[in-house]
Each structure stands twice: as C-alpha cells, then as structure tokens.
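A closer look at the structure
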Amino acid sequence: MSRPRGGYIGFNRTPAASAINSAAVGVWKLREAEALKRAGTWPLPGVSLPVTSGLQLWLDAADSATLFDATTGGSPVAADGGVARWEDKSGNARHFTQSESTKRPQRKTAQQNGLDALLFDGSNDSLTGGDFLDGNVGGKTAFVVLKRNATGVMHEILTKGTTNGGWVFRLTDTNKLNGSSWSDVTFENSTDVSSSGTVTATGYTAFAWRHTAGSFHTQQFFRNGTSVETASPVEAGDGARTLPNISDVMRIGVQRYDGELAAPGDYFLYNGNIAEIIIYDSALSDTDRAAVESYLISKWGIT
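Fair warning: this is a prediction, and the values are worked out from it, not measured in the lab.

**Considerations on the overall build of the chain**
- When helices and strands are tallied, the chain shows three helices and 21 strands.
- Relative to its full complement of 303 residues, the chain shows a buried share of 48%.
- Look at the contacts in the chain between residues 6 or more apart in sequence, and 63% of them connect residues 24 or more apart.
- Of the roughly 12300 Å² of accessible surface on the chain, 48% is carried by carbon and sulfur atoms.

**Quick word on the packing of aromatic side chains**
- Enumeration according to the criterion identifies six aromatic pairs in this entry.
- Look at Phe-143 and Tyr-280: their rings are 6.1 Å apart centre to centre, the planes differ by 85 degrees, and that puts the pair in the edge-to-face class. In this pair, Phe-143 is assigned in strand β9 (residues 140–148) and Tyr-280 in strand β21 (residues 271–280), connecting sequence segments 137 residues apart. We note that Phe-143, like Tyr-280, is buried.
- For the pair Phe-169 and Phe-221, a centre-to-centre distance of 6.4 Å together with 10 degrees between the ring planes defines the contact as stacked. You can see Phe-169 sitting in strand β11 (residues 167–171) and its partner Phe-221 sitting in strand β15 (residues 219–223), a full 52 residues away along the chain. With respect to burial, Phe-169 and Phe-221 carry one shared label: buried.
- Grouping aromatic residues by their ring pairs yields a cluster made of Trp-167, Phe-169, Trp-209 and Phe-221.
- For the cation-ring pair, Arg-94 lies above Phe-132, with the distance from its terminal atom to the ring centre recorded as 4.4 Å.
- Geometry around Phe-222 places Arg-289 over its ring, the cationic atom sitting 3.8 Å from the centre.

**Quick notes on the environment of Asn-113**
- With respect to the helices and strands, the residue Asn-113 is situated in the loop between β6 (106–112) and β7 (115–121).
- When the C-alpha atoms of Asn-113 and Ile-302 are compared, they prove to be 8.3 Å apart, with 189 residues separating the residues in sequence.
- Of note is the side chain of Asn-113, whose polar atom sits 2.8 Å from the backbone oxygen of Lys-299.

**As for the environment of Ser-190**
- Summarising the element assignment, Ser-190 is placed in the loop between β12 (177–181) and β13 (191–194).
- According to the relative accessible area criterion, Ser-190 is buried, its value standing at 2%.
- As for Ser-190 and Trp-167, which are separated by 23 residues in sequence, their C-alpha atoms are 9.2 Å apart.

**Comments concerning the pattern of salt bridges**
- Under the definition given, this model contains 14 salt bridges.
- Between Asp-60 and Lys-299 there is a salt bridge, with the nearest N and O atoms lying 2.8 Å from each other. Placement of the pair is Asp-60 in strand β1 (residues 55–60) and Lys-299 in helix α3 (residues 286–300), with a sequence separation of 239 residues. Accessibility assignment for this pair places Asp-60 and Lys-299 in one class, buried.
- When the shortest N-O distance is used, the salt bridge between Glu-293 and Arg-289 registers 2.6 Å. With Glu-293 and Arg-289 both in helix α3 and four residues apart, this pair spans about one turn of that helix.

**Thoughts on the nonpolar core**
- Among the nonpolar cores identified, the biggest contains 34 residues, and Trp-86, Leu-158, Phe-169, Ile-252, Ile-274, Ile-277 and Ile-279 are the most heavily contacted of them.
- For this core, the secondary structure elements donating two or more residues are β1, β7, β9, β10 (155–161), β11, β14 (205–211), β18 (249–252) and β21.
- Counting residues in hydrophobic clusters, the runner-up holds 22 residues, among them Val-51, Leu-55, Tyr-204 and Ala-208.

**As for the pairing of β18**
- Side chains of β18 alternate between two faces, with Val-249 and Arg-251 and Met-250 and Ile-252 buried alike.
- Direction of pairing for strand β8 (residues 127–128) relative to β18: antiparallel, over a ladder of two bridges. Bridged to Leu-127 within β18 is Ile-252.
- The pairing of β10 with β18 spans four bridges and is classified as antiparallel. When the bridges of β18 are listed, Gly-161 appears paired with Val-249.

Thresholds applied
Residues numbered from 1 in each chain as written. Predicted model: local features only at pLDDT ≥ 70, side-chain atom pairs only at ≥ 80, totals over all residues. Heavy atoms only, no water. Helix = DSSP H or I, 4+ residues; strand = E, 2+ residues; numbered from the N terminus. Buried < 20%, exposed > 50% of the residue type's maximum accessible area, 1.4 Å probe, protein only. Contact = heavy atoms within 4.5 Å. Areas by Shrake-Rupley, 256 points an atom, 1.4 Å probe, with all protein chains shown as cover. Phe/Tyr/Trp six-rings, centres within 6.5 Å; stacked < 30°, edge-to-face > 60°. Lys NZ or Arg CZ within 6 Å of the ring centre and 35° of its normal. Polar contact = N/O pair within 3.5 Å; in protein donor to acceptor, adjacent residues only side chain to side chain. Salt bridge = Lys/Arg side-chain N within 4 Å of Asp/Glu carboxyl O. Core = buried A, V, L, I, M, F, W, Y, C linked by side-chain atoms within 4.5 Å. Pairing = 2+ DSSP bridges.

Given below as structure tokens:
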C-alpha cells in the first residue's frame, strides 16, 4: 500500500499487524481510511473504488485536489469558494466546468462524516461536462451521494442531451426518483420511469440508477443500497418533438431547453449538496452495485 503524504497517522505498522491485515485488505483499508479521515487526511492513497471495470466518470468532492477556481485548472478552491472545475478521477479526464462565476457551486467543508461537498443553490448553479455515454448506446449505472435542501420541487441531478440519444436522472416534484431516455431527435423508442415509492428524506443519501440497453429500456432505482420499487416504464416519445437540448454534453444540476418544449433557458435547477458521482457504462450486476453502494455508504457515514 502506498504511503499517504506525511506518513501513516495513528497506526503501529508491526509485522503482526501487517500479517493480520493481509488477510483482510478491504477491512484494513476502510479502518485506515476512517482514521486518516478523522485526522484530516483524505483521500487515502490505495483506497479506491471496489469496481473499476467500465468506469466512465468519478467526481469526488471529498478530494479537495480535484476542485479548482478556474475552468483550465487555476488554484485549489478555498472553503465557500466557487468551483469552476471539478476534475474527473476515473482516468478519462471528463472534467466538469462552469465558466460563469455567478453560476458556480460552492465548496462546503466538513458537510458529512467530516467530508466536503458542493452546494448548488437551486437558482442558477450547474456544471457542464463532455459528450459521452449516449442514451442509445449500451446500459449505464449512476451513483450519486447528495442532500436535498428542498422537497416537492423538480431536481435535475444528471442530464445528457444529444442527437444520438439522451437521458436524465432526477428527483421529481412528487419526491420520486425518475429516469428518462430516448434514442434519437424524434423521441422515438423513449421511456420514462419513476419509483413507485417516495424518497422524502433530506439527509445525505446514496442513490443508484441502473439502466439497461435496448429500445425499451428497463430502469431501476436504489436508495442507500435498498431497491426503491420501480413503476412500469411508459413510452414517452411520440415522434413529433425534438430533444430538450441537443448540445451533446452532460450536465450536473440542470436541464437546458432550446425552445422546442419550453422557452430557451435552464430549468429544474438542483437545490442542495452533491458529494460524489460515479458512472459506469453498463447495468452493473447486483454484486457490483452493492459493492459500490457499500463503499459510498461507509465513506460518507450514511445511516
């Protein structure tokens, strides 16, 4: 295991301890991570995601080394400063940025389990990424750790508009999880699915959205590792409308319309904190999904 900067804190790395923990590396890493987190040293080198195959995006607000005050990099963001660039830790360099200073989410320190998160104000804050993971290409699984500051309103979490098929993952104004996907600019073969039950809690929560491939997509929702009953999908497209936005980019915290379905502008802006986002390019197995959820729940101290 690589050594954190400044050395290990609070551990006696004796041969006996090493032997014991070599038989339970995962437990050791979690315990060591907890100790370093309490000491203010996070992230811990060597403690990583339990599932890396198919990883497309990993945004981690607990890692201050990924938050910058300029879209091209600049300097690390101070507490309460605006985040112009949230760097991707997946290795794919899919960084999310905001060029307008008044629309940048704020870095808030020690928000949950001693870790930082980004605050989106629900008024105009959002981040924009690149063009990847279209709605009509394979499946996907998205994990988001967040805390809403309002219920009973539409919160866009992740949105992807593209001529090759887009999708959205959101919390609805009836406090349900919702996913929509479409295959082309005419809305053909599109589906819209919501959870049957409500998710009204406003504390930090780990949500997962699993989306299979196919013309009539199956979508499932999970909250803190537990399935949220999913309503049957409905075909949302009628072949007569264009997409909300076809700029071929992914966004966090907003849905943008070009004028076909609504006046041009940004809608359903997210109001609350976002702590971590992880996206894979397939519908993960239950075993892999549970492993990622366990990682997030432990890291963020979610109960």
